[in-house]
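Examining the three-dimensional arrangement
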Amino acid sequence: MQKVKKAYPFDEIEPKWQKCWIKNRFFKVDIKDFRNKYYCLVMFPYPSAKLHVGHGRNYIIGDVVARYKMMRGFNVLTPMGWDAFGLPAENAAIKDKTHPKKHTFNNIKTMKSQLKEWGVGYDWSREITSCQPDYYKWTQWIFLKLFEKKLAYRKKAFVNWCPSCDTTLANEQVIQGTCERCNTPVTQKDLEQWFFKITDYAERLLSDINKLRDWPERVKTMQKNWIGKSLGVNIRFPVVGSDKVLTCFTTRVDTIFGATYMVLAAEHPLLEELMKNVKNKNKILKFVEKVRNESKIKRSQADIEKKGIFTGRYVINPMNNKKIPLWVANYVLMEYGTGAVMAVPAHDQRDFEFAKKYRLPIDVVIVPVPEFETFQLYTETIFLAHALEGDGIMVNSGQFNGLPSRKAVKRIADFMQKNGIGHRTIQYKLRDWLISRQRYWGAPIPILYCNRCGTVPVPEKDLPVILPTGLKSNPRGENPLKDSKNFVNATCPKCKGNARREIDTMDTFVDSSWYFLRYISSQLNDKPFEKEDVDKWLPVDQYIGGVEHAILHLLYSRFITKVLFDSGFISFDEPFKNLFTQGMIIKNGAKMSKSKGNVVSPDELIKKYGTDTVRLYTLFMGPPEKDAEWSDRGVEGAYRFLGRVWRLVERITVSLLAPQSGAKQSQGGINDSLKRKTHQTIKKVTDDLEKGFHFNTAISAVMELVNEMYIAIEKKEIRRDILKEAIKIVIVLLSPFVPHIAEELWEKLGGKSSVLKQNWPEFEQQFLAEETHTIPVQINGRLRSKVNVPFGIDKEALKEKVLSDEKTRNYLKNLAVERWIIIPNKLVNIVSANK
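So, here's what we can say about the structure. Values in this document were obtained by computation on a predicted structure and should not be read as measured data.

Time to look at the overall build of the chain. Counting secondary structure elements, the chain contains 26 helices and 34 strands. In terms of principal-axis extent, the alpha carbons of the chain reach across some 110 × 85 × 50 Å. The contacts of the chain with a sequence gap of at least 6 include a subset with a gap of at least 24, amounting to 74%. The average position of the 131 basic charges and that of the 95 acidic charges among the side chains of the chain differ by 1 Å.

Each aromatic ring pair is described using two quantities: the centre-to-centre distance and the angle formed by the ring planes. Tallying each qualifying case throughout the model produces 43 aromatic pairs. An aromatic cluster is present here, built from Phe143, Phe147, Trp194, Phe196, Tyr201, Trp433, Phe509, Tyr556 and Phe559 joined pairwise through their rings. It is Arg67 that lies over the ring of Trp21; its NZ or CZ is 4.3 Å from the centre.

This paragraph deals with the sheet that holds strand β27 (residues 576–582). In space, the four strands of this open sheet follow the order β2-β1-β26-β27, with parallel pairing throughout. The sheet is open, and its two borders are formed by β2 (75–77) and β27, each paired with just one other strand. On average, each strand axis in the sheet is tilted by 20° relative to the strand beside it, whichever way the strands run. Bridge analysis of strand β26 (residues 540–546) against β27 gives six bridges, and the strand direction is parallel.

This brings us to the environment of Glu629. With respect to the helices and strands, Glu629 occurs in strand β30 (residues 628–629). According to the relative accessible area criterion, Glu629 is partly exposed, its value standing at 38%. Separated by 41 residues in sequence, Glu629 and Asn588 place their C-alpha atoms 7.3 Å apart. When sequence neighbours within four positions are dropped, the list of residues in contact with Glu629 reads Ile586, Lys587, Asn588, Gly589, Tyr617 and Met621. A polar atom in the side chain of Glu629 sits 2.6 Å from the backbone nitrogen of Asn588. At 3.1 Å, the side chain of Glu629 and the backbone nitrogen of Gly589 are in polar contact.

Contact pair helix α19 (residues 611–620) / helix α22 (residues 695–713): the axes reach a minimum separation of 7 Å and the direction vectors enclose 115°. Here α19 contributes Leu616, Leu619 and Phe620 to the contact with α22, which in turn contributes Phe695, Asn696, Ile699, Ser700 and Met703. The class makeup of the residues in the contact of α19 with α22 is six nonpolar, two polar and no charged.

Summarising the element assignment, Gln438 is placed in the loop between β20 (436–437) and β21 (447–450). Taking the relative accessible area as the measure of exposure, Gln438 reaches 12% and is therefore buried. A distance of 3.4 Å separates polar atoms of two side chains, one belonging to Gln438 and the other to Gln193.

Right, let's talk about helix α7 (residues 217–227) for a bit. If you check which residues of α7 are buried, you get Val219, Lys220, Gln223 and Ile227. Along α7, the residues classed as buried sweep out an arc of 100° about the axis, all on the same side. Away from its buried face, by an angle of more than 90 degrees, α7 presents the exposed residues Glu217 and Arg218. Against the buried residues of α7 lie α6 (202–207), β10 (229–238), β18 (422–428), α17 (553–566) and β27.

Another point: the pairing of strand β32 (residues 782–790). Every other side chain in a regular strand lies on the same face of the sheet, so the side chains alternate between the two faces. Note: strand β31 (residues 772–779) against β32, eight bridges, orientation antiparallel. If you follow Gln778 over to β32, its bridge partner there is Leu783.

Summed over all chains, the structure comprises 47 salt bridges. The partner of Glu762 in a salt bridge is Arg72, with the nearest N and O atoms 3.8 Å apart. Here the residue Glu762 occupies a position in the loop between α24 (739–748) and β31, and Arg72 occupies one in the loop between α2 (53–71) and β2, the gap between them amounting to 690 residues. Among the residues examined, Glu762 registers a relative accessible area of 55% and is labelled exposed. According to the relative accessible area criterion, Arg72 is partly exposed, its value standing at 28%. Between Glu818 and Arg819 there is a salt bridge whose closest N-O contact spans 3.0 Å. Among the ionic contacts, a cluster of salt bridges with common partners joins Asp208, Lys211, Arg558, Lys562, Asp573 and Glu574.

Quick notes on the rules
- Residues numbered from 1 in each chain as written.
- Predicted model: local features only at pLDDT ≥ 70, side-chain atom pairs only at ≥ 80, totals over all residues.
- Heavy atoms only, no water.
- Helix = DSSP H or I, 4+ residues; strand = E, 2+ residues; numbered from the N terminus.
- Contact = heavy atoms within 4.5 Å.
- Lys, Arg positive; Asp, Glu negative; His and termini not counted.
- Charge placed at Lys NZ, Arg CZ, Asp CG, Glu CD.
- Phe/Tyr/Trp six-rings, centres within 6.5 Å; stacked < 30°, edge-to-face > 60°.
- Lys NZ or Arg CZ within 6 Å of the ring centre and 35° of its normal.
- Pairing = 2+ DSSP bridges.
- Axes fitted to C-alpha atoms, helices over the stretch in contact; angles between N-to-C directions.
- Buried < 20%, exposed > 50% of the residue type's maximum accessible area, 1.4 Å probe, protein only.
- Polar contact = N/O pair within 3.5 Å; in protein donor to acceptor, adjacent residues only side chain to side chain.
- Nonpolar A, V, L, I, M, F, W, Y, C, P; charged D, E, K, R; others polar.
- Arc of directions from axis to C-beta.
- Salt bridge = Lys/Arg side-chain N within 4 Å of Asp/Glu carboxyl O.

On their own, these measurements won't tell you what the molecule is for.
Set out below in structure tokens:
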């Protein structure tokens, strides 16, 4: 990296002040002091690699908020820890041919050093690491509490399987049919797995989104869509020649008379039983197996090619007693509804495409209102180019003919319920949380299997179930726990007979679903947290992290918080009061990654320009909630600005120490202008930090004040007290953004204590008003009016002001304006075409 001339001695002052903050414990909090508390939390990171500037945005934003709140008099808790278990750490360790524990703690050491070098302040006495026994003991304790409430259970189920990571994945960890970690296509596998029954909380998780007033609408919408509440009817379809009944959920009971076939998901639990004594059984089961191995995400996409096979079975449509064929198809999933769909090809596009392909009947039962008089046309398949999915009038629907379809929904549902054909119900897209992982690097599930007693939870007194660290991860990721006799072999706590331990480990999202509670009592040994303290400090006042966690971490954390609330362990049921999700920093139009070769390392930038330059540019590059393109030239611009601030303080320091000039100092002019600008800047920066994370515009306002100060300092009549006030305000306002240089310059100006210990400045209302002057308004060269406007008003604002003037408007009533002649701060002349 090319050397540049130093704008200021950042390499000397930054280590100096970092040591000062640590020595004086500026960020250490007395957890028993609840007065004016403020819990500012940044999502803790995976320690799987060094941090780059893209990661830095998250932590720098959190540090700005914490420092600002401290200067506003809040007792700020801002802790940090490490989400140290899971696939990211284990896969990285395998790649580097080292043990996950060694790899993890090496990275923690590096990342911790980086955070300190960035000047990010944390209460390190509360540091937590999720792969340490003193933490995962309580993760296991939470598992046992869910097990006691029957919210943790084991069942055999088709699950997402990543063949590369060699483990199961939750639905939320499958992105467009691929593993979110390695992009390998995900398949399906039938395994015994552990689940958390998050579906029991679906309605509360949905309705309580209304409590989250200070969350981004985007995140709330994502959670609502993922939970996916639907009001509908479960309809009973008897299977011909069998005592079995297939239940189908639908929100469109108004289309029931148009159901011409039924479709089962390949994973439907009754499918194999229904295939007994059916011709082509082997062919059908071969098709079923093929579909089961396809990605569920791809199967759910609207544009997938529809494939199916007739089972040889029929069901009865209970509303018209018609016998309709039973098919298996790739576009129906067990995850939605009941895994059985009544197919209405005339009124559902997917069913329509399938019916056209396999030449199945298409019966129209709802006709759009404009075509109702000629609805007979729609009874012929040939006239339908696509499904009629909208509302209309009921036809071919027995006693419900002629009803508007929306009214028919209620009437038909009432009829079904009265006659035992179906019943109203609520369905959710949300599925139970799959927490089993067939990997080594995770918290062991505290369960034993005894031939005599069955599934037995590990007693609380025996926690933690220690993950043996002497084992090596298989290069393919296969779990070495299964071959560890010391781990697997155990004694049943009930009968004292032989037992074996569960060898699956927990999903890392279990670790992160409660970590914000542990920070409050990180050193506690006999319980996960102190209820009294947690109840006082939480919910978290400000939570900061990436929007990619909207469904995974944030939803799971809300669920676990509600379970703990219901169990009486805490007194609040939502974990995070305010949420801010920052955008990504991208380079060359793409997310930073080693594989793309576009990672920007902060280390070289800090060496060349200093930490404060990196912080300033990261905050100034654009609205923090949006993605932003990294620019090396932008870094240089931030560096030049800090150099200007440094030189400005040096000049003012010299000026303040110089003998007082005999020249008379003005009481107005430049003094009033600088005083006014100073207080306007205080208000602007304060509003930008209070009303949103508008760091870029706050910094821009300070830059404007610095420019005005350079102009003012050239004026001999500038008053020293106003100049000194302005430069102190500049330093204090900049201190949350660039704390090192702010500390040094504060000291240079005679500050006796840290700038962080100063009160945030308050603006004075009397100095906010703009200085105004009167501008004459001419129309075709003749004076017609005058307007009072601020100095420096831009042309467009001046035009609006003139046009809002009543006298001017009256003169212009019958004139067509041709052009404006504006002499800034002096004159406006409006020239008309019909003068």
